[in-house]
Structure formats: C-alpha cells, structure tokens
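Coordinate analysis (summary)
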Amino acid sequence: MTNNFGQNGPKKIIGKPFRKVDARAKCTGQTKFADDIFLPRMLFAKLLRSPVPHALIKHIDTSKALKHPGVVAVITGNDLPIPYGILPVSQDEHALCIDKVRFIGDPVAAVAALDEDAAFQALDVIEVDYEPLETIASIEEALATDEPRIHEYGDGGNVHKRVSLEFGDTEQGFAEADLIREDVLFYEGSTHLPMEQHAAVAHFDADEKLTLWSATQTPHYVHRALTKTLGLAASHIRVIATPNGGGFGGKSDPFNHEIAVAKLAMVTGRPVKITLTREEVFYCHRGRHPVLMWVKTGVKRDGAITAMHFRSMLDGGAYGSYGVASTFYTGALQTVTYNVPRYKFEGLRVFTNKPPCGPKRGHGTPQPRFALEAHMDKIAEELGLDPAEMRKRHLVPAYSVTANYLRVGSMGLGKCIDKVVQGSEWKNKFRKLAYGRGIGIACSSYICGAGLPIYWNNMPQSGVQLRLDRQGGVCVQCGSTDIGQGSDSILAYIVAEVLGIDPFDIRVVTADTDLTPVDLGSYSSRVTLMTGNAAIQAAERAREMLTIAVSEKLGAPIENIAFADRRAFDVENPDVGVTFAEAVVLAESKFGTIGTVGSYTPPRSPGKYKGSGVGPSPAYSYSAAVAEVEVDPETGMVVVDRIWIAHDIGQSINPALVMGQVEGSVYMGLGEALMEEMAYRGKRNVVHKFPSMLEYKSLTTLEMCDVKTYLVEDPDPNGPFGAKEVGQGPLLPVPPAIANAVYDAVGVRIDEVPIMPEKVLAGIRSKAQGKEGRFGLRALPVVAWPVPIRVPTPAEGGDGKELPRVAVHGRD
Amino acid sequence: MPNKPEKSIIRLTLNGEAAEVAFAPHKTLLEVLREDLGLTGTKHGCELGECGTCTVLVDGRPILSCLALGLDMEGREVVTIEGMAANGILHPLQETFADLGAAQCGYCSPGFLLTAKEMLEKNPSPTREEIKEALAGNLCRCTGYIKIYEAVELAAARMRGEEVEPATESIYGLA
C-alpha cells in the first residue's frame, strides 16, 4: 500500500460524528429522487405484466392499445430482442418477454402515454395469448421436474447451478472428531421493501444521446445493460443514479423497466418516466433466497472443529440475477469466524416460477450463518460448554488464510464476544432465566467488498477524480451511489482529512457515468473501503502538488508542510503558512490546472481454484450479538426485548453513521427472524401471497427492540484509515441469536426463520407430548452431487490450486 | 374532447401562504402536491395508506396524503416538508435528524418529521413509549427507528429550552 500518508497521527475529521453532506437536503424535502424528476413533454410508462406463472406467449396484439386516447407508443419483446443479466454467465432476461413468461409479474409489453392513467388503461386492451406450461413452485418440485425447463441453460433440468468443493480431507477430519452433529435448517425468503418504489426517467436528445436517471445502486452495470440491449454505443449513453430511497440490494440488478423506458424514449423522442407501484416492487424482488441447508460438523471435546460439511439448496425464482454468486456465498464465509481446518461445500440453485431472488443485505450469507450459529449452539450444549466461550476459544487467527483460501486480516471477533457477554450479563442469565425468558448468542463475519469484479478484468474497482480550483474549491467525483448509507459523505470526509479542509466545503459529484470515474456500485459492502482508498490516493496526489508549491513559497522543507483548518503551514512554525485557497493558486501557477485521480484494486486472492472468485475480500468485518427474548408458551409469541451487538468496524470514518448502520442491520435481521417472508399462494398458480406493505409484515416502532451497540475498533491495514464495512455484517448474527434465545426460553429449537408463533407453539406441543422439542424440516431432498473440486488446504501444503481431475477420479 | 375544462380549482393555505391550484378532480392530495404544485418533498411508499411516507399536516393534524382527495383541501391549511423550515432556519427536529443521522436514505423522513412535529406540539415531553406510539404509522427500513427516537427526544429537550447535546452512547456506542 502506498497510501498511508496522512493516515497516522491525530485526525480532524475521521472518527468524528459530522453530519452527512446531504443531511439538510434530506430533512427539508429537497433531495431529488428519481420520481421527483419532471421534464417538459414527459410521457409516462407502464408495463403489462404476466398474470400467469409459466406460459408460452403465442400472440400479442397491441393495436387497440395504440389507438387508446393519450397513448404515444407501445413496445413488446420483439423491440428489445437482446438478452441481458447482471452476471456474464446469466444473460437470461429480456426487458419484455418474447416467447415465454416465467412468473406472475414478468413484463410483456410497455406503454408510453401522456399521463399515467392513460398508460394504465391501455394495458387493459393489450391482448396476449398464453399457452400455460407446468409450473415449478419449490426447490423440491424443481429437483423432481426436469421438463419443462424454465430456462434452456444451467446444470441440467431446472437446476441453475451446482457447486461442489472440498478443502482438505474432510473424511479424515470427521474420523478425528469426538462428536459429529448434523442439522437441517431452512431460511425463508424475504424482500428488501425499500420505502422508495423503483423509478426511472429516460431522455433521448436531439443529438442522439440517451440519459437515464434511475433509482439504481449500480449505474455502471445499468450502463452496460443499456449498451447491450439498445444497440447504442456506450459513449452515447449516460446513466445517473439518483439518490436511492433505500436499496438493501434490491436496486442492484439492471431492470426491465429501465431498459423499456429507455427504448420508449428513443421511439418517441420525448422524456419518459416510469414509477413502479408497490405491488410491482414485490415482482422486481431480487431478495433473499429461500435456502434449505444441511450442516455436519465434527468437533473435539473442547469444541475445536475437525471438519465441516455444508449443503445448501437455493430457490432462485425465475431468473439468474446474482444467483451463481449467491450460491457460492452460501458456502464461502463459514470458515472465517471459527477455525475450520477441513471443509466441504455442496450447493445448488434451482429455477422456480416466482419473482427472481438475488442479493439482499448480507447476500447469500445470512442463511448459512443462521444454520451455522444454531448448529454451534447445539454442539456447545451437547459438549456441555458455554456457547460464548466455545466460540471464543476457536476463533480464526488474525492475519491468516482459511482452509478455502480466504485471507483474513484484522479480526476483532474476540473483543466483540467479550463486549456483548459483559453487557448482557450473559453469565448470570444463560440457562438461568425463568421458563419463557431466554438469552442467546451468535457471531458472524462479512466481506468488505468482493475481491473480484463481476466482469473479470484488471481495471480498478473504484475510481475517484479530484478537481481543485483557484478559489480553493474542491470537487470529488466518483461513480459510487449513495443509497442512504452515506457514501457521498465518506468521500468528503476522507478528502477533507487528507487536504486539511472542511468536508462541507467539498462538492461531491457521484453516480454519473458521464462525469464520474467508474465505481462498480453500492453492493457487497465495498464502497467505504474501495472508494475510500481511491479517494485517499487522489487526495494525496493533490496534496503532494500543493506541498511542493507551498514549500517553495514558504522556503520550508517539503516534509514540514502540513494541512489543517483550511491552511497549509510549516509544522515547525505553524503561524507561517498560506490559506488552502492560496495553496491551490500556488500549485496551479506552478503545475497548471490541478486535477488528480485515485483508484483502488483489491489485493489478489491466494485461492486459484475454480470457484475461488466468491468469498475473497480485502478485509472481513466481525459481529457478535446477544438477544434476550420473552416467549409466551400459550401463544408461541416471541418478543425480543433487547439485542446487544458489538461490531468490529476496523475504524469508524463517522461513528454516528456506523451506529445507524448497526441499528438498521439489527432491525432488518430482527424482521427476518420474526416475521418477514416472501410467501406465495397456491401450489399451481404461485401468486404472491401479499404484495403490499400492510400484509408483508415488517417491524414498526412497536415491534422494534432496544439495541445496545458496541463499536470495536481494530484497524485493518487494507481499509482506508483502517475502516471496514458495517452496512451488512451486523444483520447476520441477529436471526440465530434469537433462535438460540428461544431455545433458552422454552427448550424448543426452531430451525427455520421466520420464527412465527405457530412454529414455536408446534415445537412446545411436540415437546409436551414427549417428542422432539423442535420445529423444522428433517432432511434435504436427495440429489446426486457432482464429484467435488478438491483443494488441499494451506495446512496440507496446498498452493491454492485444485488437484487435477485425474487425481480426483483416482480417489473415487 | 369535452367542452368544459376538466380541472377543478381550489384555494388553500399551503405552508402558510395562500395558494390556488387547478387539477383533475379525482386526484389525491399527494398527486396534487407533487404533480400540480411541484412540491416533490412529499414522498409515496405505497399509495394505499400503509406506510405513512406521504404524511402531511392538514389543519395541524397528520394525514396520509395518498388517501385524501385534493378537492377536500378547499379552505384548509396544509403543511408539507417544504414548509417545516422557516426562512432557511431548520425546525429543531430537522436539526436533530440531520445531526444524528436519523435520515439515512431520507425517503421516509418528511413523513416522520411532520408526524413528530405534530406530536411535540401536543406533548412537549413525550416518553420513549409515547414517541413509539405516535410514530407507529410510519415505516422506515433504514434506521431501525432508534436514531429517530433519539432525534425526537433531543429536539423535544431543545424545544423545552434545555441545552443538551446528543448522548455519547448514541453516537459512539457503549464503552
């Protein structure tokens, strides 16, 4: 790393609770979200969505719609024949379905009209002939039904992806165990439910340049998708991500409505807006995959793991989305909390006729974390160990490489466990509270950005451009997208710290593919670490130029020049100096216009095997949570009174914003643990059970629990000023901590989220009848798993590469 | 095309000023505010009365503008988020929401701010439970509500004339 300059010593900005740079705009209604854009002559678009879950499209007749008063244009799938998708390996979507629909809500036509009402009415007179196909509604059905195939690609039948990896000799590991335990668990799907419904505005101007404003977390990938599907040169397309009214991963895919509205703008030559209804947002989905999981772990008497075998089956819904990555993620991060010397992972994702699943906060990792942490709780009980102590005894060492070749940096989980154990008075409560009251613990880890970009290349994942002008103005430009997490502010704080100016003096321009260098987007908790490092580099380069010019002016040695309080001065004689604006004038006089760039590329991963692309990260954050619950044995109702959570943030860039992310993560984890579910009606028609905010249960103020937060600061050398992520990680320990607390309260294992009252009650009744005190599935569907890719672990002398297939076959 | 104009005209007091607006009579207050008056600070989350995002004050009371007809606003006093700050001076709630990060994405914030404003006018010293009760009709997906409670409590104290700063625990966590 070359960017340690300015990262040592006392900080003026970093670690301080400054307001966000856009805080006043957000509190006064001035922030312009996508639907707040109104342009002259703007048309309004609506999508006609499929009312059937799986069918061939035999014919579409739009002639009546075209004659409907107010309608200006109607397009169908044939107008946008090129497929797209977020991952290069899953280019399986069309903006408007061409010959087949795959779920209720799949769009088949788009109308642009003078107003929204006219567009709505015109949808009713579009005639579509569907020829129904057998529907596939669940993981079990998908595995049992090879035909019809929802897609003509994948790993056979309706299996989208099958993965099998083995790190080290797990059979040997299980042979060395004193105890082997197996568990089956299920994590229901849930959706992001951002308060802002997706919206986009497109304008194709007279110079044949297209601009799309959209509520997207990933303008760069939308830019790519538009370039591919519209047949326009990338240089003729500009994507501007408007501030997102909540994302949580739900605005990370390029969407059909974005492409359709862009096409309608090209067809009509007028601006066109589309705003989805709340019901449509449920159809966009890309939310948490429902995952069936089986985990088998061998342990020594002290809880040391000798081997682990994890299986996951993901219900992917109708399209690929991020699903291949999601599948790998359900098996990747089991190894970064507790030492797992030998590890086997088998995973698969199926297609079903439901809205597509994708990345939701924690992307593919809350499900296995729930399974793993509930499983660890049961192991601790079988061994007669305190679950908090058992976990702490076997932590992955800091600065080590795991069996699956993830390079762990700073590792503050031990401190996190200590904080929540002390804060919650764990030792006085665990297995000691009255029946109906319980306490549970769980831990977790999350990535700070993915080591590899979605499109593999050697270019940076984040770029920052800095422009200093002779009035002392500083403009920072970056492709990153503020989805409420405060990424615009992070850029300003970091640049201000390095240049010794006030963050509110800085103009931040982000998420505009015409004006800003590429940043891949707001996903995988990558933004603070990656844009932060890029911003440091750009700011240090600018500072170097200013330093040279100021040192000449002051006649002081270069190493004496410091920047603080909007001044540049000689540290040995601080009264001698110039204002920041004068420093810029001196530098501009000497070097010409002052502009610098910075970029960030993650370090290379030590894993070289097929499948090693998912899991590596520049750094891992850690969290520990204790939940205290009250369970009513008469009704099965679970009330979570309080959650103590400690998060290893590395270094807070702004602690107030970190606190907000921790609390928001706890909230979302609590909702998933207790009530949120993306559920469907009917086995054959697969209608979404409740596409409304009233019926899709989420926590109001009355259900939200008290949260006691501890920030553990263990700076990571790869983070900007040592910072790690916080947007996603703290969600992960919450559902298992609650499940473990429910067991402590009433002695019943609920091996499934959400932990609904009827499940708790079923478990309590089963136990009262002398049966197992448990609610959950007993087994995974039986499938033939592929021969695993075998990778010797670092401890076995492995070099990160898989064994040749010949050797694998030889073994079998 | 019909012979007579399709739009209706009403007069109201909007953010303390006399206003007149013409709109299609079936429109909701939400639509009239955003589309006919250009006041896009009022947001929508469901347009079905489920989320509280579109809350505005009518005659001093919080109402869901997605469920109110524009025509019903004749002669009434409507306050939107645009009217919460006066002459560039933020309302104490706006200040504390900004200070504590109670507005993350900011989309639900106008509804929360106006609901909280009305609550503090009725009850200057609310308990945490009373704040939860008053805000129970507004959904937020970002904050877990905690920074919102803390911002309301801080603003309430300041509006009572107390000189208080945010609690260390709410900004830095527990030691």
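Rules used in this analysis
- Residues numbered from 1 in each chain as written.
- Chains lettered and ligands numbered in written order.
- Predicted model: local features only at pLDDT ≥ 70, side-chain atom pairs only at ≥ 80, totals over all residues.
- Helix = DSSP H or I, 4+ residues; strand = E, 2+ residues; numbered from the N terminus.
- Buried ≥ 20, exposed ≤ 12 C-beta atoms within 10 Å, placed from the backbone.
- Contact = placed C-beta atoms within 7 Å.
- Domains from an automatic or database assignment.
- Axes fitted to C-alpha atoms, helices over the stretch in contact; angles between N-to-C directions.
- Parallel < 35°, antiparallel > 145°, perpendicular 65-115°, else oblique.
- Left-handed = near helix turned anticlockwise from the far one by under 90°.
- Nonpolar A, V, L, I, M, F, W, Y, C, P; charged D, E, K, R; others polar.
- Pairing = 2+ DSSP bridges.
- Arc of directions from axis to C-beta.
- Core = buried A, V, L, I, M, F, W, Y, C linked by C-beta atoms within 7 Å.

With that settled, consider the overall build of chain B. Helix and strand counts for chain B come out as six helices and five strands. Moving toward the C terminus, one meets the helices and strands of chain B in the order β-β-α-β-β-β-α-α-α-α-α. Taken along the three principal axes of its C-alpha coordinates, chain B extends 70 × 30 × 25 Å. A buried classification covers 54% of the 175 residues belonging to chain B. Looking at chain B alone, contacts between residues at least 24 apart form 59% of all its contacts between residues at least 6 apart.

With that settled, the discussion passes to the domain arrangement of chain B. Residue and element names in this part refer to chain B. Domains assigned within chain B are domain 1 (8-83) and domain 2 (92-172). Here the C-alpha centroids of domain 1 and domain 2 sit 23 Å apart. Each side of the interface is counted separately: domain 1 has 16 residues, and domain 2 has 11 residues. Going through the elements one at a time, strand S3 (55-58) and strand S4 (61-64) are the ones with two or more residues in the side of domain 1 that touches domain 2. Looking at the side of domain 1 that touches domain 2 element by element, the count peaks at three residues for S3.

This part is about the packing of helix H2 (residues 92-100) of chain B against helix H5 (residues 146-159) of chain B. Between two packed helices, what matters for the description is the angle formed by their axes and the separation of those axes. Residue and element names in this part refer to chain B. One way to put it is that H2 packs onto H5 with a least axis distance of 8 Å and a crossing angle of 135 degrees. With respect to H5, the element H2 is oriented oblique. H5 is crossed by H2, and the crossing has right-handed handedness. Mapping the contact onto sequence places Pro92, Leu93, Thr96, Phe97 and Leu100 in H2 and Lys147, Glu150, Ala151, Val152, Leu154, Ala155, Arg158 and Met159 in H5.

This brings us to the interface of chain B and chain A. Tallying the contact residues gives 45 residues for chain B and 48 residues for chain A. Those elements giving two or more residues to the side of chain B that touches chain A turn out to be H2, helix H3 (109-122), helix H4 (128-135), H5 and helix H6 (168-172) of chain B. Sort the elements by how many residues they give to the side of chain B that touches chain A and H2(B) lands first, with five residues. The residue inventory of the side of chain B that touches chain A, partitioned by class, reads 25 nonpolar, 13 polar and seven charged.

To continue, consider the sheet that holds strand S5 (residues 107-113) of chain A. Residues and elements named next belong to chain A. Taken in spatial order, the seven strands make up an open sheet running S3-S5-S1-S12-S9-S10-S11, and their pairing is mixed. The outermost strands of the open sheet, each flanked by one partner alone, are strand S3 (71-76) and strand S11 (237-241). In this sheet, adjacent strand axes meet at a mean angle of 20 degrees when their direction is disregarded. Examined bridge by bridge, strand S9 (residues 199-204) and strand S10 (residues 210-214) share five bridges and lie antiparallel to one another. Considered in S10, the bridge of His203 is made with Thr211. Its contacts with the sheet place helix H3 (residues 116-124) against strand S1 (43-49), S3 and S5, and it is angled at close to 25 degrees to S1. The strands that helix H6 (residues 219-230) touches are S10 and S11; relative to S11, the one it contacts most, it runs at about 150 degrees.

To continue, consider the pairing of strand S18 (residues 437-447) of chain A. Residues and elements named next belong to chain A. Most of S18 sits inside the fold, with 10 of its 11 residues counted as buried. Strand direction decides the pairing type here: S18 and strand S26 (residues 620-631), joined by 11 bridges, are antiparallel. The residue bridging Ala442 from the neighbouring strand is Ala625, located in S26.

Time to look at helix H1 (residues 29-36) of chain B. All names here are of chain B. The buried fraction of H1 is high, at six of eight residues. Along H1, the residues classified as buried are Leu29, Leu30, Glu31, Val32, Leu33 and Arg34. Phi turns positive one or two residues past the end of H1, at Gly38, with a value near 70 degrees.

What follows is about the sheet that holds S18(A). Residues and elements named next belong to chain A. What the four strands build is an open sheet, ordered S18-S26-S27-S30; its pairing is mixed. Strands with a single pairing partner mark the edges of an open sheet, and in this sheet they are S18 and strand S30 (706-712). Across the sheet, the mean angle separating the axes of adjacent strands is 15 degrees when strand polarity is ignored. Where S26 and strand S27 (residues 638-648) come together, 10 bridges link them in antiparallel fashion. Each residue of the ladder has a partner; that of Ala627, found in S27, is Ile643. The sheet contacts of helix H18 (residues 734-746) involve S18, S26 and S27, and relative to S18 the element is tilted by about 160 degrees.

Looking now at the domain arrangement of chain A. Residue and element names in this part refer to chain A. Under the domain assignment used here, chain A contains domain 1 (23-31 + 459-600) and domain 2 (39-134 + 195-284). Put simply, the middle of domain 1 and the middle of domain 2, counted by C-alpha atoms, are 38 Å apart. In this assembly, 15 residues from domain 1 lie in contact with 16 residues from domain 2.

Residues and elements named next belong to chain B. Those residues of H4 lying buried are Ile131, Ala134 and Leu135. Buried residues in H4, looked at end-on, bunch into an arc of 85 degrees, giving them a common side. Looking at the buried side of H4, the elements it contacts are H3 and H5.

Residues and elements named next belong to chain A. With 309 residues, the main nonpolar core has Ala45, Val420, Val495 and Val742 as its most contacted residues. A total of 13 residues in this core trace back to one element, the largest contributor, which is helix H15 (residues 527-554). Ignoring sequence-local partners within four residues, the contact set of Ala45 consists of Ala110, Val111, Ala112, Ala119, Ala260, Val261, Leu264, Val272, Lys273 and Ile274.

Right, let's talk about the packing of helix H14 (residues 487-499) of chain A against H15(A) for a bit. Residues and elements named next belong to chain A. It is at 9 Å that the axes of H14 and H15 come closest, and there the two elements cross at 30 degrees. Overall, the two elements H14 and H15 adopt an arrangement that is roughly parallel. For the element pair H14 and H15, the recorded crossing hand is right-handed. Two secondary-structure elements touch here, H14 through Ser487, Ile490, Leu491, Ile494, Val495, Val498 and Leu499 and H15 through Val527, Thr528, Thr531, Gly532, Ala535, Ile536, Ala539, Glu540, Ala542 and Arg543. In terms of residue class, the contact of H14 with H15 is made up of 11 nonpolar, four polar and two charged.

Bringing the pairing of strand S23 (residues 567-570) of chain A into the picture now. All names here are of chain A. By the bridge criterion, four bridges tie strand S22 (residues 561-564) to S23 in an arrangement that is antiparallel. Residue pairing in the sheet places Ile561 in a bridge with Asp570 of S23. Counting the residues between successive antiparallel strands, the hairpin from S22 to S23 contains two residues, one of them, Asp565, with a positive phi of roughly 50 degrees. In terms of strand pairing, S23 meets strand S24 (residues 573-579) through four bridges, oriented antiparallel. Its bridge partner being in S24, Phe569 is matched across the sheet by Gly577. Hairpin geometry of S23 and S24 is characterised by an intervening segment of two residues between the two adjacent antiparallel strands.

Our next topic: unusual backbone geometry. Residues and elements named next belong to chain A. With an omega of 0 degrees, the peptide bond between Glu147 and Pro148 qualifies as cis. Following the sequence through the fold, Pro148 ends up in the loop between helix H4 (139-144) and strand S7 (159-167). For the bond from Val753 to Pro754, the omega torsion is 0 degrees, close enough to zero to count as cis. Even without glycine at this site, Ala511 takes up a positive phi of about 55 degrees. Within the chain, Phe721 stands out as a residue other than glycine whose phi angle is a positive 60 degrees. Among the secondary structure elements, Phe721 is positioned in the loop between S30 and H18. For Phe721, a count of 27 C-beta atoms within 10 Å puts it in the buried group.

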